[in-house]
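Chain by chain, the residues:
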Amino acid sequence: MSATKTDAPMVTASNEPTDATEPAGSARSERLSALVQQHGALAVLVIVSLVASFSFDSFATGDNITNMATSSAFLAVVALGMTFVIITGGIDLSVGSLFALGGVLAAWGSRHGTLVALLLPLAVCGLIGVVNGLLVARSRLAPFIVTLAAMLGARGLMLAITDEGANTYLIAKGSFLAELGQGSTLGLGNPVWITLALFAAGAVVLRRTRFGQHVYAVGGNEDAAALMGAPVVRTKILVYTLSGLLAGLAGALNAAWLASGVTILGNGMELDAISAVVIGGTLLTGGLGYVSGSLVGVLLLKVIQNVINQIGSLDSSYQLVVSGAFLALVVIAQTWAAKSAAPISRPSLQTACWFSW
């Protein structure tokens with residue numbers, strides 16, 4: 001069907017005038033708003049990177065770029081799952097704790113082989129994601145409260161496993177798991193290649209599959225999506241499960257990179273992931289978002305952090321100030337864009353219905 005062959009989602013049918021009858025100025029405003037929404041973060045990333053390249057000799061070096069790419073990979077994997085959740089209009093505050101828990105479980109499980117080290121964090125963190133989804137979708141509890149409880153529970157479980165953080169489990173050097181986190185291919189770390197593969201798969205799922213269209217439809221208008229036949233409950237359960245799985249995987253990869261399950265990691269990571277997703281163009285209200293934009297948002301946050309480190313006279317706290325200010329500007333811009341443009345990028349419920357059939 002033609003609905004499955006379009007890159008951008010279809011326009012929702014409505015009684016609004018078509019482009020042929022709209023004033024030229026209004027049409028241009030809508031196109032500009034959509035352009036800023038989708039590619040604004042990329043433009044800022046390019047500008048900041050160019051300025052930093054000319055301002056600091058060590059910024060554009062191969063080692064610095066490689067280090068930024070590798071350190072960005074773990075947050076990017078978490079942000080990928082968060083993208084799906086936010087597009088449905090939800091939020092997941094548990095990902096930071098799941099990231100830490102996944103790292104500890106991977107390090108603990110490495111004593112029993114690489115397979116256990118990878119499957120254990122996926123199983124535990126995925127199960128917590130399933131519980132989050134069930135409580136949000138079936139019990140209709142607020143995602144903020146549900147995932148906040150999961151955040152505390154996962155952090156408590158991690159502390160119990162490590163005896164309040166007193167035990168740090170190590171990953172043996174030379175093992176396949178250590179090579180997975182510390183090795184490189186074609187000059188880039190293995191975690192970077194894994195992240196790129198996950199984002200490519202996420203883009204295909206979100207734009208080219210029935211599930212992806214349901215994600216957009218649920219975020220656009222949950223009640224209308226249910227009336228049109230979209231499986232709202234199943235979709236919500238799946239996105240929270242996916243978020244838990246990816247957070248656990250990111251933690252396992254980070255533990256492999258560090259060769260240990262560090263218990264202090266993940267604090268505030270959920271806020272970084274949300275910031276990256278929103279900066280990348282995904283609306284907090286749901287119904288509109290881009291996997292590629294989330295990746296750009298992560299890179300932008302890392303570049304800002306690296307620039308502050310390059311300055312030297314500023315401590316890391318300024319990175320939080322700059323990130324917070326930039327996030328506020330992005331949300332203001334999104335609000336302006338939403339008021340001045342029709343929802344031309346939201347997938348239609350008709351498209352979701354075609355997929356569900």
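Residues numbered from 1 in each chain as written. Predicted model: local features only at pLDDT ≥ 70, side-chain atom pairs only at ≥ 80, totals over all residues. Heavy atoms only, no water.

## Quick notes on the pattern of salt bridges
Let me state the cut-off plainly: Criterion for a salt bridge: a side-chain nitrogen of Lys or Arg within 4 Å of a carboxyl oxygen of Asp or Glu. Only DSSP runs of H or I covering at least 4 residues are called helices, and only runs of E covering at least 2 are called strands; the numbering of each starts at the N terminus. Three labels apply to residues, based on accessible area from a 1.4 Å probe with only protein chains included: buried if under 20% of the type maximum, exposed if over 50%, partly exposed otherwise in between.
Scanning the entire structure with this criterion turns up two salt bridges. Across the salt bridge formed by Arg140 and Glu222, the nearest N and O atoms sit 3.7 Å from each other. Of this pair, Arg140 sits in the loop between α4 (114-137) and α5 (143-161) while Glu222 sits in helix α9 (residues 222-227), and the two are 82 residues apart along the sequence. Lys236 is the salt-bridge partner of Glu222, the closest N and O atoms lying 2.8 Å from each other. Of this pair, Glu222 sits in helix α9 while Lys236 sits in helix α10 (residues 232-258), and the two are 14 residues apart along the sequence. Residue classification places Glu222 among the partly exposed residues on the basis of a relative accessible area of 24%.

## Regarding the packing of aromatic side chains
This is how the line gets drawn: Any two rings among Phe, Tyr and Trp, with Trp reduced to its six-membered ring, count as a pair given centres within 6.5 Å; such a pair is stacked if its planes are under 30 degrees apart, edge-to-face if over 60, and tilted if neither.
With the rule as written, the count across this model stands at two aromatic pairs. Judged by centre distance (5.2 Å) and plane angle (35°), the ring pair of Phe74 and Trp257 falls under tilted. One end of the pair, Phe74, is in helix α2 (residues 62-87); the other, Trp257, is in helix α10, with 183 residues separating them in the sequence. In this structure Phe74 comes out as buried when scored by relative accessible area, which is 4%. Under the relative-accessibility criterion, Trp257 is labelled partly exposed at 33%.

## Considering helix α3 (residues 95-109)
The condition that has to hold: Helices are assigned an expected span. That span is 1.5 Å times one less than the residue count.
The end-to-end C-alpha distance of α3, which contains 15 residues, comes to 20 Å, matching closely the 21 Å that a straight helix rising 1.5 Å per residue would cover. Of all 15 residues in α3, 14 are buried, a share of seventy percent or more.

## Describing unusual backbone geometry
With a phi angle near 55°, Asp163 is a residue other than glycine that sits in the positive phi range. Here Asp163 shows up in the loop between α5 and α6 (176-182). Under the relative-accessibility criterion, Asp163 is labelled partly exposed at 48%. The backbone of Ala259 sits at a positive phi, close to 65°, despite the residue not being glycine. Along the chain, the position of Ala259 falls in the loop between α10 and α11 (269-279).

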